[in-house]
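Commentary on secondary and tertiary structure
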Amino acid sequence: MATATSAWADLLEGEELASLTTEPAREARYAPLPPDLDPRLASALLATGVTALYAHQADAWEAAGAGSDVIVTTGTASGKSLAFNLPVLDAIAAEPKTRALYLYPTKALAQDQARALAGLRLPGLRPAIYDGDTEGERRWQIRRWANLILTNPDMLHVGVLPRHDRWGDVLHNLRFVVVDEAHAYRGVFGSHVANVLRRLRRLAGVYGANPQVLLASATIANAGELARALTGRPAVVVDAEAAPRAEREIALWNPPLVDAELGQRASALGEASRLYARLVARGLRTICFAKSRKAAELIHRFACDRVDGEVARRLAPYRAGYTPAQRREIERRLVEGDLLGVSATDALELGIDVGQLDCAISVGFPGTVASLRQQWGRAGRRNRGLAVLVASEDALDQFFMREPDALLSRRVEAALLDHANPRILDPHVYAAAYEAPLDEADAAALGPEALERAAALPELERTPAGWVWSGRDYPAARISLRSGDGAAFTVVDETTGAVLGLVERERAFSTVHEGAVYLHLGEQYLVRALDLDGRAALVSPTTADWYTQVKKETETAIEERLRVRAALGVELAFGRVSVTEQVVAYQRKAISDGSTIETVPLLLPETTFETEAVWFSPGATLLDGLERMPTLLGTLHAAEHALIALLPLWAMCDRWDIGGLSTNVHFQTGLPTIFVYDGHAGGVGITERGFDRFEGWAADTARLLAGCPCRSGCPSCVQSPKCGNLNEPLDKAGARTLLARMLAS
């Protein structure tokens, strides 16, 4: 009988195969069902085939039973849902008046959990989903009778907390708050959600409750820190995974070079669709993850062209743009085994149960090791599996192809957020004051920073009861949880009137200027007009074989040095800076080869924002032989780009979350200086993580430059798709020399 290995072994050959390793199988460690578990819950579990717990589920049960907040951080398909469901369902079985609130980052995850809970048929359990799709007449019924309510942070923020008088019984009886997929709450979004959770804890206290918070996360480097940052309280960390894992082969696949001088490679989409088609043609159930829905659709189309009609009928794309009914149908066909293959966006990356799969292909590094592990965790969930990363031309992807251990042996990143960033905190202080007067006692739930800010906010009024909202509108409605800026620009499709998204003011002139190609869920839109007074960008769908890149003048001023230390032969500083930018032109560039089609002058207003940065000034010894212009500026500029490309390895962020500036003489330091700054106003901790991990970050960057085969710089090392100087000047050799000398020092 053919083994699963022989089914794909001959496909993983040739120059494209950068690495092939095997993760060994892992045996399960079990614990008996708790003897004090409610008998009705024990019977419901036995009826669904659960006769024992994994050891980490038992650990979570013990910690929750002791009254602690808990965060479970284990891999895909390790039973995290049961870990947090067990104490909640036990409490509801014992007292059906108990209420629990479950928060999910996506509607699909809430739907999946609701189905699983309904399948338990536990007496007294009344689960219900309460989100933007819930009909008006059902909402009051859910508030009245549901004892396990599944929702999302947006609905909690704008639909529950400001209307807490309608939720009095729920809040009074609120025993548990469950935060699933907690690693999704990082950066600006996570910082907002942390404030929403603090407002929830505060209002529960007003109604006489003090709910436990149970969190579940993919494996991350700082689970305990994340739990405290999100909730304001310490949590017991459960991370000793005890679920079984089948043996899994991991392949890193690099599309072949088509131009070694320019560092250009064959299409990652084409390579991925070829692998995908060959796997499904052999009857191997495969999921292929792409970064956009357009890419997912193209992979599906390319794969269907490569297989016969019978196999093609058993393939489907899965993306966020489908109706709920269409998505449910694809999920059903996956679980039942009718589908052989799915090309998906990260809508399927999170913990939706899609049954047993043989292979998982990731097209391009998804941005974090944690996300990649989530995607790969789909492969071989019960039997031997295959996980593949097909590299793009991005610097980080190519770094992993040359340095597989940097990916395969790396601990996952830290999820970072900063709820006290005033740009994020202030609107939540307004919202909290609208919900109930603020006084000193609220510092326990909201944090002392909230009370400090209350005294400085103009729309709050001091009364004997505390700080109260004096405005006439609804402050929660001012806040987008996914933007750090209340003055964000709205992106509107002029053909339908639909709001596609929000762009922070600091980024609007770079991303939605007139003539820009704007990407939304992987789809192209052309910006027809940018209304500065109305803060709106009007766009229309387009299909273009070019993209846009702005040229801008940037100045960085040091406002305050917060931390300084000696590192790698330089004085490394971290602190607050103000960044002033002005867009002066943009280029249209061909997608095929990056060549410039035309340069269009623009003159948009200056923008200034304050943020956090890490910076250093290399001395004369480090720059010996590199000090003449333009070598000096090209060296600093290339080093800055390479550092930005590699920082996402150390902090859970995207290179688009980070900015930089390099100058031959900075007006404050008086020296050649490289700045790397947080692209979000106020900062969310990304560059401080870089300050703390600078030695490892710089070492990775040096390896990136040393390993790239191009001669003078390419998109896989020092060229940046977001450079405000249009990637000029860049001196790869100089940057390589500088970083090597720093490491040697």
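So, a few notes on the structure that sits alongside this text. Bear in mind that the values here come from a model prediction, so they are computed numbers and not experimental data.

Cut-offs applied
Residues numbered from 1 in each chain as written. Predicted model: local features only at pLDDT ≥ 70, side-chain atom pairs only at ≥ 80, totals over all residues. Heavy atoms only, no water. Helix = DSSP H or I, 4+ residues; strand = E, 2+ residues; numbered from the N terminus. Buried < 20%, exposed > 50% of the residue type's maximum accessible area, 1.4 Å probe, protein only. Contact = heavy atoms within 4.5 Å. Polar contact = N/O pair within 3.5 Å; in protein donor to acceptor, adjacent residues only side chain to side chain. Salt bridge = Lys/Arg side-chain N within 4 Å of Asp/Glu carboxyl O. Disulfide = S-S within 2.5 Å. Pairing = 2+ DSSP bridges. Axes fitted to C-alpha atoms, helices over the stretch in contact; angles between N-to-C directions.

Comments concerning the environment of Glu271
Looking at the element boundaries, Glu271 is found in helix α11 (residues 268–281). The class for Glu271 is buried, based on a relative accessible area of 9%. Among residues more than four places away in sequence, those in contact with Glu271 are Glu16, Trp253, Pro255, Pro256 and Val390. Polar side-chain contacts of Glu271 include one of 2.9 Å to the side chain of Arg274.

Here we look at the pattern of salt bridges
This model, assessed by the stated rule, comprises 26 salt bridges. The partner of Glu581 in a salt bridge is Lys552, with the nearest N and O atoms 3.5 Å apart. Of this pair, Glu581 sits in strand β27 (residues 570–590) while Lys552 is found in strand β26 (residues 546–567), placing the two residues 29 residues apart along the sequence. Look at Lys552 and you get buried, because its relative accessible area is 16%. Put simply, Glu23, Arg248 and Arg373 are held in one network by salt bridges that share partners.

Some words on the state of the cysteines
Applying the stated criterion across every chain, the model contains zero disulfides. Cys714 takes part in no disulfide bond, and the closest cysteine sulfur, belonging to Cys708, lies 3.6 Å away. Judged by relative accessible area, which is 1%, Cys714 ranks as buried.

A word on the sheet that holds strand β18 (residues 385–390)
An order of β1-β11-β18-β17-β14-β16-β15 is seen for the seven strands of this open sheet, with the pairing classed as mixed. Edge positions in the sheet fall to β1 (17–23) and β15 (315–318), since each has one partner strand and no second. The mean inter-strand angle of the sheet, taken between neighbouring strand axes irrespective of direction, is 15°. Judged from the four bridges that link them, strand β14 (residues 286–289) and strand β16 (residues 341–344) form a sheet pairing that is parallel. Bridge assignment links Ile287 to a residue of β16, and that residue is Val342.

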